Amino acid sequence: MLLKTICLAGLATFSTVQGVQTFSNKGTFPGNWDDSYIDGKTQGTIDQVSNVWYESPTSIKMTQTYIPSGYTGRYHSEVHKFNAYKKGDTGFYGFMFRLSQDWQFVPAQGYNLAQFIADFTDLPCEEDWMPSSMIWIHGNKLQSRVRMGNVCPTSQQETLPFENLATVTAGEWHKVLIQASWQSDETGYYKIWYDDAIVVNRTKIRTTVTDGRPFQFRVGLYANSWTSPGKMLGTQGFRQVWFDEIATGTTYKDVDPDQW
Ligand SMILES: *[C@@H]1O[C@H](CO)[C@@H](O)[C@H](O)[C@H]1NC(C)=O
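Quick summary incoming for the structure in this document. (Residues numbered from 1 in each chain as written. Predicted model: local features only at pLDDT ≥ 70, side-chain atom pairs only at ≥ 80, totals over all residues. Heavy atoms only, no water.)

**Thoughts on the site of the ligand**
Our working rule: Throughout this document, a residue counts as near a molecule or strand when at least one of its heavy atoms sits within 4 Å of that molecule or strand. Pairs of N or O atoms are called polar contacts if they sit within 3.5 Å, as long as, within protein, a hydrogen donor faces a hydrogen acceptor (for residues adjacent in sequence, only side-chain-to-side-chain pairs). Throughout, the Shrake-Rupley method with a 1.4 Å probe supplies accessible areas, and for residues the shown protein chains are the sole cover considered.
Taken together, Trp-193, Ile-198 and Asn-201 make up the full set of residues adjacent to the ligand. Separating an oxygen atom of the ligand from a side-chain N or O atom of Asn-201 is a distance of 2.3 Å. Contact with the protein chains hides 33% of the accessible area of the ligand, taken as 360 Å² for the molecule alone.

Printed below as a string of structure tokens:
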């Protein structure tokens, strides 16, 4: 009995002091990703490069190119980590990103950088792959959201936006860390740090849908404004973003590239 008590105490100490990094990728591709995706008809690319990185020697470069006519589909160039969370989990998720030096910031155009997503094609409504939480830029402002309610019927989905969180600059590395308690009732929380400053700190909120299936964590360029509303504004139809030091874990330290 005494031995058991000591062991349990030891375990408790271990789990509070020592985090667990559940996934890490130091800017390698194909590396240890579960999957990757480029929409078939696009000229999107995903490459491991060694001329740009946050931590040497490599990062992952994603590009997408606008197709001016005859294409109404999506523009993803993304890498996928399966089983990043399911309802009831708590976790940290982090990545570095860098927009190209000449990135043209266009008001009212959104470019997604990371998302948690799951396949709901088995449900009896129009929903197919649905992102819950997303991180994107709109103009030069960082945005996020969480999605709650029932996935199906789609009218029962609800979205809580977190708008204009920070200003993003081109040609420099930026850090995004997320901490979430993924709950479909009002016991969840959602926090985001951008370049080490806390920009979202919301507690006692719903942070995911009622469906308990696992969500993937994806990073990459998803030029969603080109699909919906469906046009490219500005003059930069070729977009380049680099990603590095992507991680998931149980503590802040596990996902902060400057600490792992
Ligand atoms: C988030 O807000 C809570 C409650 O207001 C506060 O106690 C906590 O310190 C905040 N967290 C961070 C990381 O700032």
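Moving on from the coordinates now.
**Describing the side chain of Arg-147**
To keep it simple, the criterion reads: Runs of H or I in DSSP of at least four residues are treated as helices and runs of E of at least two as strands, each being numbered from the N terminus. Note on exposure labels: buried denotes an accessible area under 20% of the residue type's maximum, exposed denotes more than 50%, and partly exposed covers the range between, all computed with a 1.4 Å probe on protein chains only. In this tally, Asp and Glu contribute negative charge and Lys and Arg positive charge; neither His nor the terminal groups of the chain are included. Salt bridges are defined by distance alone: a side-chain nitrogen of Lys or Arg within 4 Å of a carboxyl oxygen of Asp or Glu.
Structurally, Arg-147 is set in strand β9 (residues 141-149). Buried charge Arg-147 goes without a salt bridge, the closest partner of opposite sign being Glu-127 at 4.9 Å. Reaching out from Arg-147, the side chain makes a polar contact with the side chain of Gln-157 at a distance of 3.1 Å.

**Some remarks on the state of the cysteines**
Note the cut-off: Disulfide assignment relies on a single distance test, namely cysteine sulfur atoms paired within 2.5 Å.
Counted by the stated rule, this structure contains 1 disulfide. Each sulfur of the disulfide joining Cys-125 and Cys-152 lies 2.2 Å from the other. Residue Cys-125 is found in the loop between β7 (110-119) and β8 (129-138), and its partner Cys-152 is found in the loop between β9 and β10 (157-162); the two are separated by 27 residues along the sequence. For Cys-125, a relative accessible area of 18% puts it in the buried group. Of the residues examined, Cys-152 reaches a relative accessible area of 24% and is grouped as partly exposed.

**So, the environment of Ile-205**
To be explicit about the condition: Contact definition: two residues touch when any of their heavy atoms are within 4.5 Å.
Within the secondary structure, Ile-205 is located in strand β13 (residues 197-205). Using a relative accessible area of 8% as the deciding quantity, one classes Ile-205 as buried. A sequence separation of 53 residues divides Ile-205 from Cys-152, and the C-alpha atoms of the two residues are 20 Å apart. With sequence-adjacent residues up to four places away left out, Ile-205 is seen in contact with Leu-160, Phe-162, Asp-185, Glu-186, Thr-187, Gly-188, Tyr-189 and Tyr-190.

**Notes on the pattern of salt bridges**
A complete count under the given rule lists 12 salt bridges for this structure. Put simply, Glu-245 and Lys-26 hold a salt bridge, and the shortest N to O gap is 2.9 Å. Note that Glu-245 is positioned in strand β15 (residues 238-249) and Lys-26 in the loop between β1 (21-25) and β2 (35-38), a separation of 219 residues in sequence. For Glu-245, a relative accessible area of 0% corresponds to the buried category. A salt bridge links Arg-218 to Glu-78; the nearest nitrogen and oxygen atoms lie 3.6 Å apart. Here Arg-218, found in strand β14 (residues 215-222), pairs with Glu-78, found in strand β5 (residues 76-85); they are 140 residues apart in sequence, far enough to count as distant. The pair formed by Arg-218 and Glu-78 is uniform in burial state, with each residue classed as buried.

**Observations concerning the sheet that holds β14**
Filter applied, for reference: A pair of strands is labelled paired if DSSP reports no fewer than 2 bridges between them. Angles run from 0 to 180 degrees between N-to-C directions of axes, and those axes are lines fitted to C-alpha atoms, restricted for helices to the stretch in contact.
On the basis of which strands lie adjacent, the open sheet formed by 7 strands has the order β2-β5-β14-β7-β8-β9-β10 and antiparallel pairing. Looking at strand neighbours, the two that pair on one side only are β2 and β10, the edges of this open sheet. Taking each pair of neighbouring strands and ignoring which way they run, the sheet shows an average axis angle of 25°. Strand direction decides the pairing type here: β7 and β14, joined by 5 bridges, are antiparallel. If you follow Gln-115 over to β14, its bridge partner there is Arg-218.

**Brief notes about the packing of aromatic side chains**
The geometry of an aromatic ring pair is captured by two quantities: the separation of the ring centres and the angle between the planes. Note the following rule: Any two of the Phe, Tyr and Trp rings considered here, Trp counted by its six-membered ring, make a pair once their centres fall within 6.5 Å; the pair's planes then place it as stacked at under 30 degrees, edge-to-face at over 60, or tilted in between. Lysine and arginine charges are scored as sitting over a ring when NZ or CZ, respectively, is within 6 Å of the ring centre and within 35 degrees of the ring normal.
Using the criterion set out here, one finds 25 aromatic pairs in the structure. Consider the rings of Phe-162 and Tyr-190, whose centres lie 5.3 Å apart with planes at 25°: the pair is stacked. Remark: Tyr-190 occurs in strand β12 (residues 188-194) and Phe-162 occurs in strand β10; sequence separation between them is 28 residues. The exposure classification of Phe-162 matches that of Tyr-190, with both residues buried. Among the aromatic side chains, those forming a connected cluster through ring pairs are Tyr-85, Tyr-93, Phe-95, Phe-97, Phe-116, Phe-120, Phe-162, Trp-182, Tyr-190, Phe-215, Phe-217 and Phe-243. The lysine or arginine in question, Arg-218, covers the ring of Trp-129, its NZ or CZ lying 5.1 Å from the ring centre. Residue placement shows Arg-239 over the ring face of Trp-103; its charged tip is 4.4 Å from the ring centre.

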